[in-house]
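Fold and geometry: a report
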Amino acid sequence: MSIQNINIKDVLIDDSRFSLKDYIFEFAPEQTCHINSFDAFGILDPIIVYKDDKRQIHLVDGIKRIQFAILNKERIIRATVLPETTPVTDLITLILCNKRYEIEFSTINKIQFIYFAGSLNAPETWILNSLCMPFELKTNRDFFRECERIYNLPKELKLFCHN
C-alpha cells in the first residue's frame, strides 16, 4: 500500500467494483459540509483506490473528494493504492467503517450492503458472522436469497422502506 499521485481519468468511479451507488441510499445534505470543508482547506486526505489484476484502478473511498477535484478541473489526485492482493473482506470492512452511519440508517441499506458483499464474492460465512450478526439480521444461508429478492424489488419500493 502506497500513497501516489494518480490521474483522475484513470480512476473507475461509478464503474468501480466498490461503488455503492446501486446499493445504498445516501444522504444529500452531507455533501454540503464536505464541499465547504474542501473549499476552505482543500482535499486533506487521499482517496482510497484498489488496483486489480488488470491494472484498473477502482475507487474504494473518496467519492466526494474526487467529485470536488473533477469540479475544480484537477487532473491529479493523491491516492492510497491498495494492491490486488488485498482481501475482499478487508475492502468491505473498510467501506463499512467509512459508510457505517448510512449503511446502518435503515434495514434496506443493511440488506443491500449484504447483497453488495455477496456480489464481491465475499465468503458466506464471513458475511453471516461479520455483517449479518452485527446488523442483527438472520444468520442463515437462506437469508442470502431473501436479500437478493429484496435487492431486486423496484427502487421506489425500496426507497419507501428506507424512509
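Below is a summary of the structure that appears in this document.

Thresholds applied
- Residues numbered from 1 in each chain as written.
- Predicted model: local features only at pLDDT ≥ 70, side-chain atom pairs only at ≥ 80, totals over all residues.
- Heavy atoms only, no water.
- Pairing = 2+ DSSP bridges.
- Helix = DSSP H or I, 4+ residues; strand = E, 2+ residues; numbered from the N terminus.
- Contact = heavy atoms within 4.5 Å.
- Axes fitted to C-alpha atoms, helices over the stretch in contact; angles between N-to-C directions.
- Salt bridge = Lys/Arg side-chain N within 4 Å of Asp/Glu carboxyl O.
- Buried < 20%, exposed > 50% of the residue type's maximum accessible area, 1.4 Å probe, protein only.
- Polar contact = N/O pair within 3.5 Å; in protein donor to acceptor, adjacent residues only side chain to side chain.

**Topic: the sheet that holds strand S4 (residues 57-61)**
Read from one edge to the other, the open sheet built from five strands follows the order S1-S5-S3-S4-S2, with strand pairing classed as mixed. Two strands lie at the open edges of the sheet, namely strand S1 (2-7) and strand S2 (11-12), each paired on one side alone. Where strand S3 (residues 47-51) and strand S5 (residues 76-82) come together, four bridges link them in parallel fashion. The partner of Val49 across the bridge, within S5, is Val81. Lying on the sheet, helix H2 (residues 63-71) is in contact with S2, S3, S4 and S5; it crosses S4 at an angle near 120 degrees. Sitting on the sheet, helix H3 (residues 88-104) touches S3, S4 and S5, and the angle it makes with S4 is about 40 degrees.

**Quick notes on the environment of Phe113**
Positionally, Phe113 belongs in helix H4 (residues 107-119). Phe113 sits 21 residues away from Ile92 along the chain, and the two C-alpha atoms are 9.3 Å apart. In contact with Phe113, other than residues within four places in its own chain, are Leu20, Ile24, Ile92, Ile95, Leu96, Ile103, Leu131 and Phe135.

**A look at the pattern of salt bridges**
As enumerated under the stated definition, the model contains seven salt bridges in all. With a closest N to O distance of 2.7 Å, Asp61 and Arg65 form a salt bridge. Overall, Arg65 belongs to the buried group, its relative accessible area being 14%. Here Lys138 makes a salt bridge to Glu146, at a shortest N to O gap of 3.1 Å.

**Overview of the environment of Ile108**
Relative to the assigned elements, Ile108 resides in helix H4. For Ile108, a relative accessible area of 6% translates into the label buried. Among residues more than four places away in sequence, those in contact with Ile108 are Phe25, Ile150, Lys158, Cys161 and His162.

**Thoughts on the side chain of Ser16**
Considering the arrangement of structural elements, one finds Ser16 in the loop between S2 and helix H1 (29-41). Of the polar contacts made by the side chain of Ser16, one reaches the backbone oxygen of Leu59; its length is 2.7 Å. The residues contacting Ser16, other than those within four sequence positions of it, are His58 and Leu59.

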